[in-house]
Amino acid sequence: MHSLLEQYKPAVGKRVLILLSGLMWIGVGIMLLSLALHWLVAKGGTDAILLGAVGFLGSLVIHRYGFLKVVDKNLGRILPMQGKRCLFAFQSWKSYLMIVVMIGMGIGLRHSSIPKHYLAVLYIGIGMALVLSSMRYLRVFLKHGE
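These lines cover the structure that appears in this document, whether it is placed above or below.

**Topic: the overall build of the protein chain**
- Check the secondary structure of the protein chain and you find 5 helices and 2 strands.
- When the elements of the protein chain are put in sequence order from the N terminus, they spell out α-β-α-α-β-α-α.
- Referenced to the eigenvectors of the C-alpha coordinate spread, the extents of the protein chain come out at roughly 60 × 35 × 20 Å.
- A total of 146 residues make up the protein chain; the buried ones form 32% of that total.
- The contacts of the protein chain with a sequence gap of at least 6 include a subset with a gap of at least 24, amounting to 86%.
- Per element, the accessible surface of the protein chain, about 9200 Å² overall, is 73% carbon and sulfur.

**Digging into the nonpolar core**
- In this structure, Leu-17, Ile-18, Trp-25, Leu-40, Leu-75 and Tyr-137 are the most contacted members of the largest nonpolar core, which totals 26 residues.
- Residue assignment for this core shows that the elements contributing at least two residues are α2 (14-43), α3 (45-78) and α5 (116-143).
- Ranked by the residues each element gives to this core, the list is headed by α5, at 9 residues.

**Quick word on the packing of α3 against α5**
- The geometry of α3 relative to α5 is characterised by a closest axis approach of 6 Å and an angle of 40° between their N-to-C directions. Classified by the angle their axes make, α3 and α5 are oblique. By crossing handedness, the relation of α3 to α5 is classed as right-handed.

**A short note on the packing of aromatic side chains**
- Applying the stated rule across the entire model yields 3 aromatic pairs.
- Ring geometry for Trp-25 and Tyr-137: centres 5.5 Å apart, planes at 70°, overall edge-to-face. Taken as a pair, Trp-25 in helix α2 and Tyr-137 in helix α5 lie far apart in primary sequence, 112 residues in all.
- Classification of Tyr-137 as buried rests on a relative accessible area of 0%.
- Considering the side-chain rings of Trp-39 and Tyr-123, the 5.0 Å spacing of their centres and the 65° angle between planes classify their relative orientation as edge-to-face. With Trp-39 in helix α2 and Tyr-123 in helix α5, the pair connects residues that are 84 residues apart, well separated along the chain. Comparing Trp-39 with Tyr-123 shows no difference in burial state: the two are buried.

Conventions and cut-offs
Residues numbered from 1 in each chain as written. Predicted model: local features only at pLDDT ≥ 70, side-chain atom pairs only at ≥ 80, totals over all residues. Heavy atoms only, no water. Helix = DSSP H or I, 4+ residues; strand = E, 2+ residues; numbered from the N terminus. Buried < 20%, exposed > 50% of the residue type's maximum accessible area, 1.4 Å probe, protein only. Contact = heavy atoms within 4.5 Å. Areas by Shrake-Rupley, 256 points an atom, 1.4 Å probe, with all protein chains shown as cover. Core = buried A, V, L, I, M, F, W, Y, C linked by side-chain atoms within 4.5 Å. Axes fitted to C-alpha atoms, helices over the stretch in contact; angles between N-to-C directions. Parallel < 35°, antiparallel > 145°, perpendicular 65-115°, else oblique. Left-handed = near helix turned anticlockwise from the far one by under 90°. Phe/Tyr/Trp six-rings, centres within 6.5 Å; stacked < 30°, edge-to-face > 60°.

Following this line, the structure appears as structure tokens:
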């Protein structure tokens, strides 16, 4: 029975796990940025530009002092792996729980009474930080051939 389960396990090498991590972070970042851009375009004017700039500056802080630590932790876990691992091993189980909480918070914020153009600052900060931090995954992917 165990070998039957192993036969259908979606196993991939560490290089694919690194690529999946980078693509996932970029995808979520682009999604958040597109929502924020939509909200800021609807707001229009100088206020929208200022809010976008604040979000971008926040993204640099989130990238440097938050997400890069997560990326390095994930890479430190993935790079020593030998052989093929489950396709979903690009994130730790604890990270999956954190992702569920963050999705819930995002849904709650989008349905709150907070004006969308103010939420755009947070969405730009997190979205751009995800895109910037994903570049480390992609650099490691390109650097480590299998």
